[in-house]
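Results of the structural survey
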Amino acid sequence: MDELLLLEEIDEPDSLAAKLREVLPDEYLVLAELVVCGHDLDIAVVGPQGLFVLYERDWEGEIRPSARGKWQGQLPSQRTVQYPNPAESVQGANQALDAF
């Protein structure tokens, strides 16, 4: 059976999780860097409206998503870069949450 273990959160002061804990009301629980059924989750927010999962990416530039294939990023230097499409990992994480 799966368990949820809560440890004392120690976040970098500028991290998204720390900022969310600072601005959200007390009825919200912000959990960072979770592993659920073998899938990594960046941030989970549990609140009165339900469960929200946020994925952090250290991508830069203007990102152009694509339904299939890699996503394109236009850097300030006008150089184009490719980023992996997150759909597959998100789908796996959603299935892991459903199983949990």
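Conventions we followed
- Residues numbered from 1 in each chain as written.
- Predicted model: local features only at pLDDT ≥ 70, side-chain atom pairs only at ≥ 80, totals over all residues.
- Heavy atoms only, no water.
- Phe/Tyr/Trp six-rings, centres within 6.5 Å; stacked < 30°, edge-to-face > 60°.
- Helix = DSSP H or I, 4+ residues; strand = E, 2+ residues; numbered from the N terminus.
- Buried < 20%, exposed > 50% of the residue type's maximum accessible area, 1.4 Å probe, protein only.
- Pairing = 2+ DSSP bridges.
- Axes fitted to C-alpha atoms, helices over the stretch in contact; angles between N-to-C directions.

Here's the deal with the packing of aromatic side chains
All told, the structure shown has two aromatic pairs when counted by the stated rule. Seen from their ring centres, Trp 59 and Trp 71 are 6.0 Å apart, and the 70 degrees between their planes marks the pair as edge-to-face. A residue pair is termed long-range when its members are at least 10 positions apart, and Trp 59 in the loop between β3 (50–54) and β4 (62–64) and Trp 71 in strand β5 (residues 71–74) qualify at 12 residues. Each ring, one from Trp 59 and one from Tyr 83, has its centre 4.5 Å from the other, and the planes form 15 degrees; the classification is stacked. In this pair, Trp 59 sits in the loop between β3 and β4 while Tyr 83 sits in strand β6 (residues 80–83), placing the two residues 24 residues apart along the sequence. Take Trp 59: its relative accessible area is 24%, and that puts it in the partly exposed class. Tyr 83 gets classed as buried once you look at its relative accessible area, which sits at 11%. Here a set of aromatic residues connected by ring pairs shows up, and it is made of Trp 59, Trp 71 and Tyr 83.

What about the sheet that holds β4?
With antiparallel pairing, three strands are arranged side by side in an open sheet as β4-β5-β6. Of all the strands in the sheet, just β4 and β6 have a single pairing partner and so form its edges. When the angles between neighbouring strand axes are averaged without regard to direction, this sheet yields 30 degrees. Here β4 pairs with β5 via three bridges, running antiparallel. Counterpart to Glu 62 in the pairing with β5 is Gln 74.

Considerations on unusual backbone geometry
The backbone of Cys 37 shows a phi angle near 50 degrees, a positive value even though the residue is not glycine. Along the polypeptide, Cys 37 turns up in the loop between β1 (29–36) and β2 (39–47). Since its relative accessible area comes to 35%, Cys 37 is described here as partly exposed. Phi at Gln 78 is positive, roughly 75 degrees, even though this residue is not glycine. Within the fold, Gln 78 resides in the loop between β5 and β6. Residue class for Gln 78 comes out exposed when judged on its relative accessible area of 56%.

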